[in-house]
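Letter by letter, the chains look like this.
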Amino acid sequence: MALMMKALIESYMPILCSPLPAPSSSSSSVDTVRPSEITAVYTLGVSLSLRKETSRVVSRLAELLSMFNPEVIIGPQSSSQPRTLQEEAQDLSHSLSDQATDWKLVLIIIPAELTCVVANVNTVVQEVEAALQTLQDQMHHTLVHVVVWGGYHEQDKCECKGDENINLGLQKATLLKTLQDSLSRVVKNPKWHSRSEDFTVLLQPVPVITEPNSDPENSIADLNQLAVQLWTNLERPFLRTQRNSPGEMELEPYAKASNQISPDMGTVLPCTDRKPSPVIPTSVHKLKPGDIKVVAAVGDSLTAGNGVGAVTNNLLLVMNQYRGLSWSIGGNENITTVTTLPNILREFNPSLTGFSEGLGNQDSPKAFLNQAVTGAKSGDMARQVRVLVDIMKNDSRIDFHNDWKVITMFIGGNDICDFCMDSILFSPTNVVKNIRQALDILHSEVPRAIVNLVEILNIVPLRELHKDSSLGCPSWFVGLICPCILKPKEGSVELQKVNNFNRAYQQTMRELIDSGRYDTNENFTVVLQPFFREVFLPMVEDGRPDRSYFAPDCFHLSQKAHTLMAQALWNNMMEPVGNKTFTQDFASGIALKCPTETDPFIKTAVNSNYTFPGPLPIPPPVTNWGSDFSCVHTSPSNSAPTSAHRVRPADIKVIAALGDSLTAGFGAKAKTLLQLRTEYRGVSWSIGGDKTLETVTTLANILKKFNPGIKGMSKGQGKKQTGFNVAVSGAKVSGIPGQVQRLIESMKNDSTVDFQNDWKLVTLFIGGNDLCQYCNDRATLSPQNYSYHMMTSLDTLYKEVPRTIVNVVEALEIEGLRRIKKDSLGCNVIQPFVCPCFLMPGDDSPELAEVKWINREVQVDTEKLVYGGRYDGREDFAVVVQPFFKNTVVPLTADGRPDSTYFSEDCFHFSERGHADMASSLWNNMLEPVGKKQTYNNFRNDRNGIKCPTKEHPYIFTRMNSFPNSTMTPDPECTDPLPIWVAPVLAVVGVLVGCGVSSLFFICRAKKSNKEMLNTMF
């Protein structure tokens, strides 16, 4: 390892320490300008939302240029007043009119409002052309680089929206590519390169893409890497121009890739017995291919046919849905030219119907029964299936009750692509639950059908396409479509998690079908087709991945691959259950299998004599509501942080809670009405400390996993061991200021608490009693008074309590509790009197409408108060709204009824089970960035539902650390007084050896400039 690092360092030394050229006269041609001749860097087109990040990137770029010319400067930023790009160019030209002989680098930043590019592209192009014309007419010795800048900003308020049915990542990537290509055509105009020798224009070949990153260190590293990207496309060894490096500046080097596709995608079908059954069969297990009358399909972009027929070098055609070429449902031409499952089946039954033809989305007339939607996830399957069933029932070409149907479902790719964004939402359990819901609809409503459930492919091998730059794959584009697959580094824990999730998706699909759930009658079955379980990436002779199997984006599949998928699916249908092919080496080709006279049927579990293993054993009764803990990054900061925006869970020393009966644990473990008034504070969701996390899920018990010595948790029942749980049953928001004062006094008087230095986490949840009694005293319990008392409470904490993060849990949306019913005295009699203003009005009454509006006003006013800037003045204090209660999701049983086990004997307060779920939701909200927090509670009681801090995002999220533009000073990771961004620069060549290499970088730089080593930090 050491020798490899030494070799890498030596290979990079010529770049770091190459001697400056001897002083000479300035280059006369823009095509021979060296970095040392650039005297200044200017930027145009920077919007206010991008100003901070572009300033950092440009500063880093200038720092790299200063290796060659220590005197290089950064021009002043443009005015904050809105101006056109041409006006900025005019002002810059006037200000530099006396600097005609100095070589200048001008960066024109084109902010891509990603959801509005198509609507604005013509305007953008015209503005760029006008600005370039101004610069060319009035400036000399100038190299202009145009940079498309695509970011994600909270401030973006785009009015024009794209197609809601298209995957947002694909839509963003495609629209960004549209802008890039349009500007490329402008910049390649010969007039910018031929009129003079001292002016030229170049487009950066890849857009600059910033991603949301709550961790300041990673945010800075990302921006530093963008500076490296700009530098790499700028210097080689002269500053790049269209004339001195025309071949290298092609947007996508497709010519280097092997992607020549044969126009003939047909297949020879060797089957001789193609006759249907003499009598229409009544059993799905005696179904011959010729008996199939209808084909249908649901799924995502692979079934919709995105990019299947795209021309090799046209990335934008990936947006086209070539449904007629789709492997499982396309019906273009016939099997001699286009291989699809319907075209194979038409050889057995020429009257087959349902297949899709041509191009278009799922609503186009020729899509027919191809109801796949680009970007769909497993959660969309039920909706697609319902649409499909409605079409089949109402189309005159289909005899819904008598025609035999083959329906193919292929889903899960987009779930795995996004799983790292929300590993709970996209957990294998949830994904298979979504698939089960869709299959259940088909099972209950569609007669005479065999459903192919195609097992999700092993997607990880696709990473290989993006490791070899000679293939010309647009990795930036795929990074927007499928970030969770491309982002992890080789050998990382994150990559292992991708593999684990991928395998778990496959395993849960198998378990679902092996349960025998869909083999309850003779006219319906579901068969798992596993041909995608293990896929070997096809290679060309020189060992590189063969791009001819992929669409231009190196993610979607070409017609060549769709041909093989259709063949593999057909063969799986001919193979017995339990002995189906589950590995595919596409490069070796696939020969079609045939039914025979002795074995003529499409294979099902029954006619394969397959014995279902049956459902998994019924788990033992739940004895506790604990949670499993799997977090790896549990260590505290190296030293106690001074900023609330850099607090790790293990840094929390003290926990406290304010609120009403829900925080007091009122009736949480009650089994009778007599126990209802008992306060079980030890299991209180936000502060209870009974037992351990494995048996009692509370926020305090989760934090004990990070810091076993945490103080303040409440235990047991009653008021003997309340800790810093100062909640009072029956409290309204007007009582919270008094609770705050008692809490402060308690913490100051506790000898185990270092009040000034210990980091504290305070959870405030209030408002239920205010809303439940609102109709009885509208003036006192108004939203305005609610906000006032909330402000008073937070003001006191802000002024008097150091080193504190406050969780303000948004008021519960109470209306959902109207559905919680149980045939018991508590639920029938007590519940309405506990919350009369919500539970007594009629369903459509004005009284209910009023109190629902007040509920929402309280939520909105709370967010305005917390995020209005009032509490942003102290670095060691933060208030965060945790919104998981904002939208009520009523917990349901397996049969879809409200699950009363989450509630206590009065069907209003939460049971211990409900408290456990609230604790998990609060914790997960704390690990989600502001603006992307889950605003509902799933009520799942998943033992594996606890999120974990990551290496990239180790901190509890606050508003300040949730956005990449946050101005924060990172903790020093190195004692040497060196800029922290150098390591990412060296990472370009695989060298990441910390401060030693950083020192080497600046020693070389010092030798060149004969100046003191820079000691600047951002």
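Residues numbered from 1 in each chain as written. Predicted model: local features only at pLDDT ≥ 70, side-chain atom pairs only at ≥ 80, totals over all residues. Heavy atoms only, no water.

Caption draft 1: Expanded view of the overall build of the protein chain. The number of helices and strands found in the protein chain is 27 helices and 16 strands. Taking all contacts inside the protein chain whose residues are at least 6 apart in sequence as the whole, residues at least 24 apart take part in 77%. Here the protein chain displays about 41200 Å² of accessible surface, and carbon together with sulfur accounts for 53% of that area. (Helix = DSSP H or I, 4+ residues; strand = E, 2+ residues; numbered from the N terminus. Contact = heavy atoms within 4.5 Å. Areas by Shrake-Rupley, 256 points an atom, 1.4 Å probe, with all protein chains shown as cover.)

Caption draft 2: Just the sheet that holds strand β7 (residues 292-299), in detail. Taken in spatial order, the four strands make up an open sheet running β7-β8-β9-β10, and their pairing is parallel. This sheet does not close on itself; its edge strands, each paired only once, are β7 and β10 (524-529). Averaged over all pairs of adjacent strands, the angle between their axes in this sheet comes to 20°, without regard to strand direction. Packing of helix α15 (residues 493-514) onto the sheet brings it into contact with β9 (449-454) and β10, and relative to β10 it is tilted by some 150°. (Pairing = 2+ DSSP bridges. Axes fitted to C-alpha atoms, helices over the stretch in contact; angles between N-to-C directions.)

Caption draft 3: Structural context of the pattern of salt bridges. Tallying each qualifying case throughout the model produces 35 salt bridges. The residue Arg-274 makes a salt bridge to Glu-347 at a minimum N-O spacing of 3.1 Å. Of this pair, Arg-274 sits in the loop between α7 (216-232) and β7 while Glu-347 sits in the loop between α9 (341-345) and α10 (381-394), and the two are 73 residues apart along the sequence. Relative accessible area serves as the criterion here: at 29%, Glu-347 is assigned to the partly exposed category. The partner of Lys-719 in a salt bridge is Glu-679, with the nearest N and O atoms 3.2 Å apart. Taken together, the residues span a long stretch of sequence, with Lys-719 in the loop between α18 (699-706) and α19 (736-749) and Glu-679 in the loop between α17 (661-664) and α18 at a distance of 40 residues. For Lys-719, a relative accessible area of 62% gives the class exposed. The exposure class assigned to Glu-679 is buried, which follows from its relative accessible area of 10%. Among the charged side chains, a network of salt bridges with common partners joins Arg-463, Glu-464, Lys-467 and Glu-490. (Salt bridge = Lys/Arg side-chain N within 4 Å of Asp/Glu carboxyl O. Buried < 20%, exposed > 50% of the residue type's maximum accessible area, 1.4 Å probe, protein only.)

Caption draft 4: A nonpolar patch on the surface, seen in detail. On the surface, Leu-673, Leu-825, Val-829, Phe-833 and Met-840 cluster together into a nonpolar patch covering about 500 Å² of accessible area. Take Val-829: it is sitting in helix α22 (residues 825-834). You can call Val-829 partly exposed: its relative accessible area is 41%. (Patch = residues over 30% accessible without salt bridge, like charges linked within 9 Å, V, L, I, M, F, W, Y side chains within 5 Å.)

Caption draft 5: Seen up close, the state of the cysteines. Under the counting rule described, the total for this entry stands at eight disulfides. The partner cysteine of Cys-772 in its disulfide is Cys-835, sulfur to sulfur 1.9 Å. Here the S-S torsion is close to -90°, and the disulfide linking Cys-772 with Cys-835 is therefore left-handed. Here Cys-772 is found in helix α20 (residues 768-772), whereas its partner Cys-835 is found in the loop between α22 and α23 (836-839), with 63 residues between them in sequence. Residue Cys-835 is classed as buried on the basis of its relative accessible area of 0%. Here Cys-775 is linked by a disulfide to Cys-837, with a sulfur-sulfur distance of 1.9 Å. Measuring handedness by torsion sign, the sulfur bridge of Cys-775 and Cys-837 sits at about -85° and is left-handed. (Disulfide = S-S within 2.5 Å.)

Caption draft 6: Structural context of the sheet that holds strand β14 (residues 759-765). Pairing is parallel in the open sheet, where four strands are placed in the order β13-β14-β15-β16. If you trace the sheet from one side to the other, it starts and ends with β13 (652-659) and β16 (877-882), each paired once. The mean angle between the axes of side-by-side strands here comes to 20°, regardless of whether they run parallel or antiparallel. With seven bridges connecting them, β13 and β14 associate as parallel partners. Along β14, the bridge assignment pairs Ala-656 with Val-762. Running over the sheet, α18 touches β13, β14 and β15 (804-809) and is turned about 175° from β13. Along the sheet, α19 makes contact with β13 and β14, crossing β13 at roughly 150°.

Caption draft 7: Region of the structure containing the packing of aromatic side chains. Taken as a whole and judged by the stated rule, the model has 20 aromatic pairs. Where Trp-327 meets Phe-531, the ring centres are 6.2 Å apart and the plane angle is 70°; that geometry is what we call edge-to-face. Taken together, the positions of Trp-327 in the loop between α8 (301-304) and α9 and Phe-531 in the loop between β10 and β11 (534-536) put the pair 204 residues apart, joining distant regions of the chain. Judged by relative accessible area, Trp-327 falls into the buried class, the value being 0%. Residue class for Phe-531 comes out buried when judged on its relative accessible area of 0%. Note on Phe-629 and Phe-706: the rings are 5.5 Å apart at their centroids and 90° apart in plane angle, and the pair reads as edge-to-face. In this pair, Phe-629 sits in the loop between β12 (583-585) and β13 while Phe-706 sits in helix α18, placing the two residues 77 residues apart along the sequence. One aromatic cluster is present, built from ring pairs that chain together Trp-685, Phe-765, Phe-884, Phe-885, Phe-903 and Phe-910. (Phe/Tyr/Trp six-rings, centres within 6.5 Å; stacked < 30°, edge-to-face > 60°.)

The quantities given are spatial measurements derived from coordinates; they are silent on function.
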